[in-house]
Structures are given as structure tokens and as C-alpha cells.
Amino acid sequence: MFQSRTHEHRQNRREDALGRLPNQNGNGRTARLLMNFELMRAGYLPVIIQVDERQKYYEVLDHAGVHNDYAWLIDMVASLEITTLEEYLKLV
């Protein structure tokens, strides 16, 4: 229940922020920036969606918006987080 409320709160904040942008150009970058900000606030590393993952990301994002089901998006971000953490640990 708590996790669901937190997710809804973050989604509402994202929608509020995107609604304030003056045009559609750059909204995706802004949304990913906000997502990474929330990840870092929660103690995670920021994630990068690589060019070869972009189409999958758009499909997952579309699914989340159409069906109000964020499970695929959460799974994708979690997978990207693991990849980022593995790369980070190689450097340490």
C-alpha cells in the first residue's frame, strides 16, 4: 500500500511538472531527468537509456500510459539500475 501511494505521488509530481513545460520538445529528457533525480533521492544511481534500448523504453512507457500499469517500466528501470551498479562496481 505505501509503495503504491509513493508511486502515485511521484507520478502525479511528474505529470504536474510536464504540464508546466511550455512545449513538447524536450519533455522526454525532462521526464528522464526527473526520474533520475527521484532515483538519486532514494539512494540509487541514475540510469541511462542507451540508443539500442530506446525503442523498448518507448514501448514500455506507452504500455504504462495506456494501461496505467507501470510494472514493465519499473522492471526496466530496475534492470538498468542493476547494470549501472555493476558498471560502477567495476570502477571501484
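Conventions used here
- Residues numbered from 1 in each chain as written.
- Predicted model: local features only at pLDDT ≥ 70, side-chain atom pairs only at ≥ 80, totals over all residues.
- Heavy atoms only, no water.
- Helix = DSSP H or I, 4+ residues; strand = E, 2+ residues; numbered from the N terminus.
- Buried < 20%, exposed > 50% of the residue type's maximum accessible area, 1.4 Å probe, protein only.
- Contact = heavy atoms within 4.5 Å.
- Expected span 1.5 Å × (residues − 1).
- Arc of directions from axis to C-beta.
- Axes fitted to C-alpha atoms, helices over the stretch in contact; angles between N-to-C directions.
- Nonpolar A, V, L, I, M, F, W, Y, C, P; charged D, E, K, R; others polar.
- Phe/Tyr/Trp six-rings, centres within 6.5 Å; stacked < 30°, edge-to-face > 60°.

A.B. asks: Summarise the overall build of the protein; cite the residues concerned and give the values.
C.D. replies: Check the secondary structure of the protein and you find 4 helices and 0 strands. If you list the helices and strands of the protein from N to C, you get α-α-α-α. Scored against the burial criterion, the 92 residues of the protein give a buried share of 23%. Summarising the internal contacts of the protein: among those between residues at least 6 apart in sequence, 47% fall at separations of at least 24.

A.B. asks: Quick one: what's the story with helix α3 (residues 54-67), residue by residue and with numbers?
C.D. replies: Compared with an ideal rise of 1.5 Å per residue, which puts 14 residues at 20 Å, α3 spans 20 Å between its outermost C-alpha atoms and is within 8% of the ideal. All buried positions along α3 are accounted for by Tyr-57, Val-60, His-63 and Ala-64. Along the axis of α3, the buried residues cluster in a sector spanning 125°; they form a single face. Opposite the buried face of α3, at more than 90 degrees from it, the exposed residues are Gln-55, Gly-65 and Val-66. Buried residues belonging to α3 abut α2 (27-41) and α4 (71-91). With its phi angle positive at about 50°, Asn-68 sits one or two positions after the end of α3.

A.B. asks: Before we move on, could you go through the packing of α3 against α4 and cite the residues and values that matter?
C.D. replies: Axis separation between α3 and α4 bottoms out at 7 Å; the angle between their running directions is 145°. For the pair α3 and α4, contact is made by Lys-56, Tyr-57, Val-60, Leu-61 and His-63 and by Trp-72, Leu-73 and Met-76, respectively. Considered class by class, the residues forming the contact of α3 with α4 number 6 nonpolar, 1 polar and 1 charged.

A.B. asks: Go over the packing of aromatic side chains, please, and point to the residues and values.
C.D. replies: Summed over the entire model, instances satisfying the criterion amount to 1 aromatic pair. Their ring planes at 50° and their centres at 5.8 Å tell us that Tyr-57 and Tyr-58 sit as a pair that is tilted. A relative accessible area of 6% places Tyr-57 in the buried class. Of the residues examined, Tyr-58 reaches a relative accessible area of 41% and is grouped as partly exposed.

A.B. asks: Provide a residue-level description of α4, including the pertinent values.
C.D. replies: With 21 residues, α4 should reach 30 Å at 1.5 Å per residue; the first-to-last C-alpha distance of 31 Å fits that figure. Looking only at α4, the buried set comprises Leu-73, Met-76, Val-77, Leu-80 and Glu-81. Viewed along the axis of α4, the buried residues span an arc of 140°, placing them on a single side of the element. Those residues of α4 that are exposed and aimed more than 90 degrees away from the buried face are Asp-75, Leu-89 and Lys-90. Contacts made by the buried residues of α4 are with α2 and α3.

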